[in-house]
Amino acid sequence: MLKSTKELYKFKYNISDRVLELYEQALLDVESQFRIYDEIREYNQAKVLSALQEERISDTHFTNSSGYGYGDIGRDALDKVYARVFNAEAALVRPHFVNGTHAIGTALFGNLRPKDTMLSICGTPYDTLHGVIGINGDENIGSLREYGVNYKQLELIDGKVDFKRVEEELLKDKSIKLVHIQRSTGYGWRSSFLISEIEQMCKFIKKIREDVIIFVDNCYGEFIDVTEPTDVGADLVAGSLIKNIGGGIAPTGGYIAGREEYVNQAAFRLTVPGIGGECGSTFGVMRLLFQGLFLAPHIAMEAVKTAVFTARLMELAGFEVLPKFDDKRSDIIQAIKFNHKDNLINFCKGIQKGSPVDSFVECEPWDMPGYNDQVIMAAGAFIQGSSIELSADAPIRDPYIAYLQGGLTFDHGKLGVLIALSKIVR
Ligand SMILES: *Cc1c(COP(=O)(O)O)cnc(C)c1O
C-alpha cells in the first residue's frame, strides 16, 4: 500500500519529481489568493441561503410535474429564488434550455425585432453564438440576421472596451436596441470583465441611451464575485446550468434573469407568445436545480482554486498563462499558451486521463457543430459536456491555447493538472 499522497501521485500516476517540486512551490504561492476567494464563497453561500429561505423552499417544491406543467410550484419558486440571487425583477430557469447558447439565443430572439440592431462592444462573441447572430459564413439559416436583425461589433483595444466608439455608435445609430457584453474570455486571449468594469460599461451606455437593453453573457461568471451584472445595471443576463450556477448537480438547462419585461419576452420565445414561462413540465429535476444552486458558491470556488493553482504551476513550468495566478478573476477559465500543437493536444489528453469518467479514452481534435476550427475537448464528466467539472478544450489554431476550467473539488482539479503537465514535462 502507498502510504502518502505524494507516493500515490508518484507511483500510481507517474508524476515526476520535477513536477512534484513545481506543485509544492505553486501551492505555497497561491495561499494568499485562496483566502480572497474563501471570503467571496462565504458571502455568496449566505446570499443563496437567504434566497432559499425567503422563498420558503420546502420539499413540496421538488415536484414531478407532467404534461403542460401548469402550476409547477417548484419551477415557479426557483425562478423567484434566482431573481433574488441576481437582485433582478424576474428569472426564467428551465431544464428545457438545451445549453447556454440556447438561453442566450432565446434572450436575443425574444427581445430583438426586424430592423433592430444588436451591438457587441466586446469584440467577437463566443463561437457558438455566430450561428445565432448570422455571422457564420454561409450557414446562417434561422439566424437573427435572416430575420432582419442587424449586427455590429466593436473591437476591444488591448482587451478593453472602446468607449469612444461605443458613444459614437449609440448616438449615430438609433436602430441599436441591444448591447451585448461578454463577461468571460471564451476562446479569446483577454481578461474576463470584472463586475466593476461591467458597471462602468452599463453606466456609460445608460447615460447616452436609457432605452437600450444591456445584455450580459454571464457564462462562467456566476459567484466569482459578490455581485452579478444585474446588481450593477445590466438589464438581462443568461447562462448555462452545467457551468457554475448548476453546482455540478443540475443535469441540464439554462437561465435568464433581469427586468421582467425582457424576461417575459424571452419566455415567449422559449415556448410561444401567450404561454411563456407558465407551461413546461420539469420531469422531476427540480430538486437537482435547487440543490445545485445551493452548492454553486462552493463549487465555483473549487473551480477558481483549480484555475489559480494551474496558472501558477504552468507559469513555473515555463508557459505563458492568462490570467496570472494573482490577477483578480471574473470567470473560472484559465488560458495556457503552448505555442506548440503537440503540447496542447498532450495536455488535453492528460486532463482526460485524470478524469473520474472515461479516463481510458483518448480525446482527439474533431469538427464540432457551432465551431469553425477543429476543437479538442477533454472532459471526463459525470454530466456530459459539463464544464464546471474539470475540463480543457482548445480550438486547433495558432498560438495553440488551451482553456482549462472546472474542478468539482480542488483535490481533483490539481491532480488532473499534475497528470496533464506530466505528459509534457519530462
Ligand atoms: C459556454 C459559453 C456559452 C454557451 O455555450 P454552451 O456550450 O451552449 O453552453 C456562451 N458564452 C460563453 C462565454 C460561454 O463560456
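Check the entry above for the structure.
Residues numbered from 1 in each chain as written. Predicted model: local features only at pLDDT ≥ 70, side-chain atom pairs only at ≥ 80, totals over all residues. Heavy atoms only, no water.

## Here's the deal with the site of the ligand
All residues adjacent to the ligand are Asn 99, Gly 100, Thr 101, Ile 104, Tyr 126, Gln 182, Asp 217, Cys 219, Tyr 220, Ser 240 and Lys 243. Gly 100 places a main-chain nitrogen or oxygen 2.8 Å from an oxygen atom of the ligand. Contact with the protein chains covers 90% of the free accessible surface of the ligand, which is 380 Å². Looking at the shell around the ligand, the element that brings in the most residues is helix α4 (residues 100–111), giving three residues. Class assignment for the residues of the shell around the ligand results in four nonpolar, five polar and two charged. (Near = heavy atom within 4 Å. Polar contact = N/O pair within 3.5 Å; in protein donor to acceptor, adjacent residues only side chain to side chain. Areas by Shrake-Rupley, 256 points an atom, 1.4 Å probe, with all protein chains shown as cover. Helix = DSSP H or I, 4+ residues; strand = E, 2+ residues; numbered from the N terminus. Nonpolar A, V, L, I, M, F, W, Y, C, P; charged D, E, K, R; others polar.)

## Brief notes about the pattern of salt bridges
Scanning all chains against the criterion turns up 30 salt bridges. A salt bridge links Asp 38 to Lys 305, with the nearest nitrogen and oxygen atoms 2.8 Å apart. A residue pair is termed long-range when its members are at least 10 positions apart, and Asp 38 in helix α2 (residues 17–54) and Lys 305 in helix α9 (residues 286–316) qualify at 267 residues. Residue Asp 38 is classed as partly exposed on the basis of its relative accessible area of 23%. Here the salt bridges do not stand alone but share partners, grouping Lys 152, Lys 164, Arg 165, Glu 168, Glu 169, Lys 172 and Asp 173 into one network. (Salt bridge = Lys/Arg side-chain N within 4 Å of Asp/Glu carboxyl O. Buried < 20%, exposed > 50% of the residue type's maximum accessible area, 1.4 Å probe, protein only.)

## Looking at unusual backbone geometry
Here Leu 322 and Pro 323 are connected by a cis peptide whose omega angle stands at -5°. For the peptide bond that leads from Asp 398 to Pro 399, omega is 5°, which places it in the cis range. Considering the arrangement of structural elements, one finds Pro 399 in the loop between β11 (391–395) and β12 (401–405). At Tyr 220, a position not held by glycine, the phi torsion is positive, near 75°. Within the secondary structure layout, Tyr 220 lies in the loop between β5 (213–217) and β6 (236–240). A relative accessible area of 6% means that Tyr 220 is categorised as buried. For Asp 358, which is not a glycine, the phi torsion comes out positive at approximately 55°. By the element assignment, Asp 358 lies in the loop between α10 (341–353) and β10 (375–379).

## Things to note about helix α3 (residues 73–85)
A rise of 1.5 Å per residue sets the reference length of α3, with its 13 residues, at 18 Å; its end C-alpha atoms lie 18 Å apart and thus fit the reference within 8%. Buried residues along α3 sit against α2, β1 (90–94), β7 (254–258) and α9. The opening residue of α3, the one whose side-chain oxygen lies 3.2 Å from the backbone nitrogen of Gly 74, is Asp 72. The first or second residue beyond α3 is Asn 87, which carries a positive phi of 55°. (Expected span 1.5 Å × (residues − 1). Contact = heavy atoms within 4.5 Å.)

## Looking at the nonpolar core
Within the largest apolar cluster, 137 residues are counted, with the highest numbers of intra-cluster contacts made by Tyr 82, Ile 121, Ile 256 and Phe 347. No fewer than three residues from each of domain 1 (5–43 + 297–425) and domain 2 (45–293) sit in this core. When residues no more than four places from it in sequence are discounted, the contact partners of Tyr 82 are Ala 91, Val 93, Leu 241, Ile 245, Tyr 255 and Leu 293. (Core = buried A, V, L, I, M, F, W, Y, C linked by side-chain atoms within 4.5 Å. Domains from an automatic or database assignment.)

## Things to note about the packing of aromatic side chains
Within the structure shown, the criterion is met by 15 aromatic pairs. Here Tyr 23 and Phe 309 contribute two aromatic rings whose centre-to-centre distance is 5.9 Å and whose plane-to-plane angle is 80°, an arrangement assigned as edge-to-face. Taken together, the residues Tyr 23 in helix α2 and Phe 309 in helix α9 connect sequence positions 286 residues apart. The pair formed by Tyr 23 and Phe 309 is uniform in burial state, with each residue classed as buried. With centroids separated by 5.2 Å and ring planes inclined at 80°, the aromatic side chains of Phe 34 and Phe 410 adopt a geometry described as edge-to-face. On the criterion of sequence distance, the pair formed by Phe 34 in helix α2 and Phe 410 in helix α11 (residues 410–424) is long-range, its members being 376 residues apart. Across the pair, Phe 410 and Phe 34 agree in class, each one buried. Ring-pair connections join several aromatic residues into one group, and the members of that group are Tyr 9, Tyr 23, Phe 34, Phe 309 and Phe 410. (Phe/Tyr/Trp six-rings, centres within 6.5 Å; stacked < 30°, edge-to-face > 60°.)

## Remarks on the sheet that holds β12
Pairing is antiparallel in the open sheet, where five strands are placed in the order β8-β9-β12-β11-β10. At either margin of the open sheet sits one strand with a lone partner, and together these are β8 (320–322) and β10. Between one strand and the next, the sheet's axes are offset by a mean angle of 20°, whatever the strand orientation. Direction of pairing for strand β9 (residues 334–337) relative to β12: antiparallel, over a ladder of four bridges. In the sheet register, Ile 336 faces β12, and the bridge partner there is Ala 402. Together, β8, β9 and β12 form the strand contacts of α9, whose direction differs from that of β9 by roughly 15°. Running over the sheet, α10 touches β9, β10, β11 and β12 and is turned about 25° from β10. (Pairing = 2+ DSSP bridges. Axes fitted to C-alpha atoms, helices over the stretch in contact; angles between N-to-C directions.)

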